[in-house]
Protein chains: 4
Amino acid sequence: MALLVEKTSSGREYKVKDMSQADFGRLELELAEVDMPGLMACRTEFGPSQPFKGARITGSLLMTIQTAVLIETLTALGAEVRWCSCNIFSTQDHAAAAIARDSAAVFAWKGETLQEYWWCTERALDWGPGGGPDLIVDDGGDATLLIHEGVKAEEEYEKNGTLPDPSSTDNAEFQIVLTIIRDGLKVDPTKYRKMKERLVGVSEETTTGVKRLYQMQASGALLFPAINVNDSVTKSKFDNLYGCRHSLPDGLMRATDVMIAGKVAFVAGYGDVGKGCAAALKQAGARVIVSEIDPICALQPQWKGLQVLPLE
Amino acid sequence: MALLVEKTSSGREYKVKDMSQADFGRLELELAEVDMPGLMACRTEFGPSQPFKGARITGSLLMTIQTAVLIETLTALGAEVRWCSCNIFSTQDHAAAAIARDSAAVFAWKGETLQEYWWCTERALDWGPGGGPDLIVDDGGDATLLIHEGVKAEEEYEKNGTLPDPSSTDNAEFQIVLTIIRDGLKVDPTKYRKMKERLVGVSEETTTGVKRLYQMQASGALLFPAINVNDSVTKSKFDNLYGCRHSLPDGLMRATDVMIAGKVAFVAGYGDVGKGCAAALKQAGARVIVSEIDPICALQPQWKGLQVLPLE
Amino acid sequence: MALLVEKTSSGREYKVKDMSQADFGRLELELAEVDMPGLMACRTEFGPSQPFKGARITGSLLMTIQTAVLIETLTALGAEVRWCSCNIFSTQDHAAAAIARDSAAVFAWKGETLQEYWWCTERALDWGPGGGPDLIVDDGGDATLLIHEGVKAEEEYEKNGTLPDPSSTDNAEFQIVLTIIRDGLKVDPTKYRKMKERLVGVSEETTTGVKRLYQMQASGALLFPAINVNDSVTKSKFDNLYGCRHSLPDGLMRATDVMIAGKVAFVAGYGDVGKGCAAALKQAGARVIVSEIDPICALQPQWKGLQVLPLE
Amino acid sequence: MALLVEKTSSGREYKVKDMSQADFGRLELELAEVDMPGLMACRTEFGPSQPFKGARITGSLLMTIQTAVLIETLTALGAEVRWCSCNIFSTQDHAAAAIARDSAAVFAWKGETLQEYWWCTERALDWGPGGGPDLIVDDGGDATLLIHEGVKAEEEYEKNGTLPDPSSTDNAEFQIVLTIIRDGLKVDPTKYRKMKERLVGVSEETTTGVKRLYQMQASGALLFPAINVNDSVTKSKFDNLYGCRHSLPDGLMRATDVMIAGKVAFVAGYGDVGKGCAAALKQAGARVIVSEIDPICALQPQWKGLQVLPLE
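Computed from a predicted structure; not experimentally measured.

When you go through chain A residue by residue, the secondary structure sums to 12 helices and 11 strands. Against the 2.2 N^0.38 benchmark of 20 Å for 312 residues, chain A shows a C-alpha radius of gyration of 21 Å, consistent with a compact globule. Taken along its principal axes, the extent of the C-alpha atoms in chain A is 60 × 45 × 40 Å. Counting the 312 residues in chain A, one finds 50% classified as buried. Across chain A, every contact between residues at least 6 apart in sequence was considered, and the portion connecting residues at least 24 apart equals 67%. In the form shown here, chain A has an accessible surface area of approximately 14000 Å², with 58% of it arising from carbon and sulfur atoms. Charge centroids of chain A, computed over 32 positive and 42 negative side chains, lie 1 Å from each other.

The following block contains the structure:
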């Protein structure tokens with residue numbers, strides 16, 4: 001796709017796959033709202049007082065129908081929102097279309113290239129001359145990473161005029177990050193520091209991102225406050241277990257159109273995610289074999305009637 | 001046990017293991033009555049009109065709590081009842097005690113010898129000089145068998161004075177049957193024919209017994225009408241499937257005091273009984289392997305996530 | 001869509017949604033082949049002898065990946081194949097694209113209008129001047145219906161010059177059928193009779209279609225032999241039960257993107273389809289309520305722990 | 001039962017219900033040994049070195065078949081053992097008989113009165129003139145309680161000649177405890193202090209007992225070291241969850257002889273015990289309703305398809 005920002009008739013920026021899917025997205029949004037009473041209660045309780053009035057919120061988190069309900073809750077509470085996905089595959093195009101048309105600036109589509117992915121992330125952070133967002137809703141820590149790398153590069157540049165060198169790394173994705181920062185530096189050498197100044201903090205909802213944050217905190221590199229959403233009980237005990245129990249067969253069926261019943265399935269590890277996956281596969285009629293490194297934990301699948309085998 | 005008939009204070013005959021368990025039996029009878037609304041509705045609907053008034057009913061059917069509810073339904077409708085078990089192990093002694101004390105003549109205990117078993121059967125059929133029962137509730141066909149063999153022996157004896165010869169067979173159980181008939185012949189050489197005359201018919205509830213009946217019907221040997229209860233849908237689709245699903249783990253747990261979870265269980269055959277057994281073992285946390293000779297039927301356990309293997 | 005037949009570079013006719021999905025279709029076809037060992041064994045065993053050499057086969061059956069494996073088995077055995085869907089929604093566009101590109105004439109896409117649907121059916125039956133197909137694989141009986149109505153109209157027209165009158169019926173779909181036949185009559189007044197002459201027979205795989213066929217047989221209206229595939233054990237005991245157990249949650253998840261766990265689900269009827277649906281919903285974590293008109297059958301869900309309620 | 005200690009031919013003390021059940025107990029012991037590989041491995045690994053040589057171990061823990069395997073593991077490692085149950089109902093009489101006959105001093109039967117229960121506990125602690133046990137295996141803390149109360153009474157008695165007064169409490173069970181201590185004081189006013197001196201420590205495996213111990217530790221009243229076995233992962237994550245999943249239906253079936261399928265069951269609380277109970281009842285075909293005070297935890301049964309209702 002040509003990486004050009006488009007605008008709605010009301011002037012809001014976006015870049016999505018297919019705006020004609022907005023109606024379908026809206027339909028599923030309405031279904032999802034019934035399913036998310038917590039967010040809907042927030043709208044009812046806090047909508048009138050507009051606690052987010054004037055707040056700029058950037059999200060880097062899978063642009064799905066459920067996230068769309070979150071976004072519209074934020075806007076219902078007064079916020080302005082810009083959004084990108086946290087993964088090149090995790091956008092639902094009809095969700096992105098509905099939000100882009102109706103509620104917030106979205107830069108996301110299913111099947112982005114890495115180049116496109118980081119362009120989208122940059123767009124979601126780009127609130128114009130007055131600095132960046134007040135809050136970041138991060139998933140995996142990429143928005144947080146971009147700001148930290150940007151600030152580091154700006155300070156280096158200010159100190160001795162050095163620009164980031166994409167060829168200094170073998171990591172293809174990090175080359176893209178450095179290129180984006182380098183090109184930005186030429187335009188505005190204080191952009192990321194202005195972001196940092198304005199930013200109140202970030203919430204992070206994935207193990208990967210949380211680990212990165214704790215490391216940065218330990219080394220003193222963390223530039224702003226961060227909230228660990230990942231370890232809340234509603235995440236670890238529900239998303240991991242019941243979320244996977246739902247989404248694993250969903251994903252397998254959409255991706256393969258193959259019957260799960262009668263297959264032999266192998267699940268590596270029997271933590272909450274493994275428990276959810278094994279339960280889903282067993283329920284769909286697969287014969288499930290589990291491998292688990294902890295000998296005590298390995299008794300659990302056995303006592304549920306699953307075969308437990310070493311990886312060898 | 002000494003094979004002597006005992007009598008309650010009201011003069012009703014019985015022979016059970018331990019009359020002191022009658023209270024415990026009554027307690028469970030009251031629980032079971034809640035669970036058997038069909039029989040209880042019969043008591044309400046037909047009790048007042050006493051349709052079984054004057055009827056003599058002999059049962060040869062596992063003397064359990066549930067059977068006890070049946071017996072007391074028969075007596076509530078006016079019948080006189082004499083009962084024995086259809087199997088040397090299938091009596092619940094507290095059920096037998098409660099019925100013997102309160103409702104009907106019972107000859108049954110858990111762990112009979114074969115000698116004791118047939119003595120009990122004879123007692124249940126023994127209604128005194130006036131002939132036998134009007135109806136038989138049979139399970140496995142042993143009461144029916146005894147009458148047929150008795151009539152055959154009486155006719156032979158009348159014809160040429162021959163007595164049944166227990167040594168004519170290698171089958172230990174059939175030797176006992178012939179001995180009983182032989183000894184009875186000396187006392188009353190028309191006893192079983194009088195029974196046959198009075199008998200209106202038999203109901204039979206097991207595959208084994210039903211097969212025997214169809215064979216006797218085909219060969220013209222069947223002496224009285226018989227009702228096939230075994231093939232009613234409430235038997236085959238419920239007793240076989242859900243009954244086994246309940247009673248298999250019940251039996252395993254009582255007999256072994258061993259945990260089922262985590263074990264590998266093997267189920268031979270995947271008809272209704274096999275389905276019930278496999279479901280029960282799977283639910284209790286066993287890993288279940290099934291063998292099934294019909295290749296189409298063998299797909300069913302596989303599509304339920306069970307391992308299917310040949311017996312080899 | 002403009003109802004124009006397109007042609008592949010090799011000259012084979014088709015009309016599908018998006019030929020660019022052919023590669024994706026081929027990928028899933030390869031997965032499905034692993035899952036359909038019966039068809040694949042047919043290719044191995046009968047491919048070399050080409051038993052369908054020269055045979056023309058028309059299918060009117062959901063144009064999915066699994067049907068695609070069937071089509072390519074027919075062509076592997078020597079047949080020429082023309083295909084349409086039996087339902088306006090039941091085409092997988094990537095399956096249609098792969099078959100259209102590689103193997104057979106396909107006229108099917110997801111979301112046809114009724115007008116488009118019958119145009120597709122007509123195309124699948126249109127083998128050119130030499131008459132119609134040798135065999136029909138029918139699902140719901142629409143191809144069979146079209147031929148029967150066509151023959152009837154031709155005979156009427158020959159007898160007294162009367163053309164079918166679409167306005168003679170209130171049924172919108174039947175108006176379309178009559179229009180197609182009327183317009184065809186003007187071009188070739190013996191088209192459907194030529195089809196009937198050539199046709200060896202039809203196989204029918206759905207209850208609806210089978211019922212129609214038995215009615216036509218009873219009234220003497222059936223013009224050619226028909227095979228009832230619907231009542232084979234692999235259909236009723238597998239497709240209905242395990243097929244629904246798979247496809248119900250699949251469909252719900254694709255259509256709504258809503259979590260099934262925690263919902264209250266209602267299943268009307270507890271035959272094989274109802275059993276499969278109830279099992280699937282229960283396993284996905286829904287609380288399932290069942291309604292069943294037969295009081296004996298209604299005990300089954302209750303004994304599986306489901307709530308049974310009257311429809312009221 | 002007359003509270004008289006009996007002796008085996010080898011002179012070991014015991015009091016059990018029915019010594020003739022010892023063979024049946026031995027049979028089930030052999031089954032259980034297969035199921036308890038950890039204990040059996042201890043016998044193999046540590047048996048030869050006899051680490052418990054000369055050690056006296058008193059157990060107050062349900063005298064079941066599984067406990068019997070533990071007892072015989074202790075004796076295999078060199079210990080002398082005296083045992084009582086921790087609950088008036090929790091003895092399996094065949095297990096008690098087998099151990100009494102073959103391995104250790106047992107004072108336990110199913111259906112003890114409270115009077116009998118504490119007499120048994122006293123017997124298990126009575127190692128003769130040379131003081132008490134070296135180790136106590138406690139379950140519920142009754143053996144620990146008796147020693148603590150005994151020591152307290154002895155000190156009081158030494159100080160001012162006061163004997164414990166059973167009428168000082170309304171608690172019927174504690175009256176029995178005080179009576180036992182009072183009567184013992186007259187015979188040997190240092191018995192419990194001698195026990196305390198010899199005792200190395202106690203292991204405690206139940207929440208109730210553990211709580212008592214922590215309270216005594218906090219108040220400085222705890223007289224000897226104690227190990228909290230209750231909170232080990234193999235207890236809380238296995239015994240509570242899978243143990244209850246096994247033993248709840250086992251107990252219900254033995255106690256009521258009633259079918260679980262089709263019933264409505266109510267589970268109060270959805271911790272590990274509640275999870276195990278709800279799973280067992282659901283699997284047995286009951287419709288399960290759960291009540292849970294924590295709103296987050298209450299989502300878990302709902303997402304497993306169970307009905308969640310307030311207690312009201």
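For the pair chain D and chain A, the relating rotation is 180 degrees, the translation along its axis is 0.0 Å, and the fit reaches an RMSD of 0.0 Å. Those values place the two copies in the arrangement expected of a two-fold rotation axis. The fraction of interface residues of chain D whose copies in chain A are also interface residues reaches 100%, indicating that both copies meet through the same surface.

Residues and elements named next belong to chain A. Spatially, three strands are ordered 9-10-11 in an open sheet, and the strand pairing comes out parallel. Either end of the sheet is taken by a strand with one partner, and the two such strands are strand 9 (264-268) and strand 11 (307-308). Strand direction decides the pairing type here: strand 10 (residues 287-291) and strand 11, joined by two bridges, are parallel. Within strand 11, the residue paired with Val290 across the bridge is Val308. Packing against the sheet, helix 11 (residues 272-283) makes contact with strand 9 and strand 10, and its axis sits at approximately 175 degrees to strand 9.

Turning our eyes to something else, we now look at the pattern of salt bridges. All names here are of chain A. Applying the stated criterion across every chain, the model contains 100 salt bridges over all chains. Taking the shortest distance from any N to any O, the salt bridge between Asp272 and Lys237 comes out at 3.4 Å. With Asp272 in helix 11 and Lys237 in helix 10 (residues 233-256), this pair connects stretches of sequence that are 35 residues apart. A residue is classified by how much of its surface remains accessible, and Lys237, at 36% relative accessible area, is partly exposed.

This next bit is on the interface of chain D and chain A. A common way to express how large an interface is: the accessible area buried when the components associate. At the interface, 11 residues of chain D touch 11 residues of chain A. At the boundary of chain D with chain A, total buried surface from both sides reaches about 1100 Å², with 73% on carbon and sulfur atoms. The largest per-residue losses of area from chain D upon contact with chain A belong to D:Phe238, D:Tyr242 and D:Trp303, which jointly make up 50% of the total buried on that side. Put simply, chain D and chain A have zero salt bridges between them. Breaking the side of chain D that touches chain A down by element, the ones donating at least two residues are helix 10 (233-256) and helix 12 (299-303) of chain D. Per element, the largest residue contribution to the side of chain D that touches chain A is six residues, and it comes from helix 10 of chain D. Looking at the side of chain D that touches chain A residue by residue, the classes come out as six nonpolar, two polar and three charged.

Our next topic: the confidence of the model for chain A. Of all residues in chain A, 100% have pLDDT values of 70 or greater, and the mean over the chain is 95. Interface predicted TM-score (ipTM) for the complex: 0.87; the corresponding pTM is 0.87.

This part covers the packing of aromatic side chains. This structure, assessed with the given rule, holds 20 aromatic pairs over all chains. Taking 5.7 Å as the distance between ring centres and 80 degrees as the angle between the ring planes, the aromatic pair formed by B:Trp303 and C:Tyr242 counts as edge-to-face. Of this pair, B:Trp303 sits in helix 12 (residues 299-303) while C:Tyr242 sits in helix 10 (residues 233-256), placing the two residues on different chains. Ring geometry for D:Phe238 and D:Tyr242: centres 5.8 Å apart, planes at 40 degrees, overall tilted. With D:Phe238 and D:Tyr242 both in helix 10, this residue pair falls four residues apart, about one helical turn. Each of the two residues, D:Phe238 as well as D:Tyr242, counts as buried. A connected cluster of aromatic rings, assembled from ring pairs, spans A:Phe238, A:Tyr242 and D:Trp303. Directly above the ring of A:Trp127 sits A:Arg82, whose terminal nitrogen or CZ lies 5.8 Å from the centroid.

On to the relation of the copies chain A and chain C, then. Its rotation angle being 180 degrees, the transformation that places chain A on chain C also includes 0.0 Å of axial translation and leaves an RMSD of 0.1 Å. Most of the interface of chain A is mirrored in chain C, where 100% of its interface residues are also at the interface.

Sequence positions flagged by UniProt for "domain: S-adenosyl-L-homocysteine hydrolase NAD binding" (unreviewed entry) are, in local numbering, residues 240-305 of chain A. Counted over residues 240-305 of chain A, helix gives 52% and strand 15%. Its end C-alpha atoms are 21 Å apart.

In this section: the sheet that holds strand 9 (residues 264-268) of chain C. All names here are of chain C. Pairing within the open sheet is parallel, and its three strands lie in the order 9-10-11. Strands with a single pairing partner mark the edges of an open sheet, and in this sheet they are strand 9 and strand 11 (307-308). Set on the sheet, helix 11 (residues 272-283) makes contact with strand 9 and strand 10 (287-291); between it and strand 9 the angle comes to about 175 degrees.

Reading the values: rules and limits
- Residues numbered from 1 in each chain as written.
- Chains lettered and ligands numbered in written order.
- Predicted model: local features only at pLDDT ≥ 70, side-chain atom pairs only at ≥ 80, totals over all residues.
- Heavy atoms only, no water.
- Helix = DSSP H or I, 4+ residues; strand = E, 2+ residues; numbered from the N terminus.
- Rg over C-alpha atoms; globule rule 2.2 N^0.38 Å.
- Buried < 20%, exposed > 50% of the residue type's maximum accessible area, 1.4 Å probe, protein only.
- Contact = heavy atoms within 4.5 Å.
- Areas by Shrake-Rupley, 256 points an atom, 1.4 Å probe, with all protein chains shown as cover.
- Lys, Arg positive; Asp, Glu negative; His and termini not counted.
- Charge placed at Lys NZ, Arg CZ, Asp CG, Glu CD.
- Least-squares fit on C-alpha atoms with pLDDT ≥ 70 in both.
- Pairing = 2+ DSSP bridges.
- Axes fitted to C-alpha atoms, helices over the stretch in contact; angles between N-to-C directions.
- Salt bridge = Lys/Arg side-chain N within 4 Å of Asp/Glu carboxyl O.
- Buried area = accessible area lost by both parts, 1.4 Å probe.
- Nonpolar A, V, L, I, M, F, W, Y, C, P; charged D, E, K, R; others polar.
- pLDDT = per-residue confidence, 0-100.
- Phe/Tyr/Trp six-rings, centres within 6.5 Å; stacked < 30°, edge-to-face > 60°.
- Lys NZ or Arg CZ within 6 Å of the ring centre and 35° of its normal.
- UniProt positions renumbered as here; feature names shortened; annotations may be inferred.

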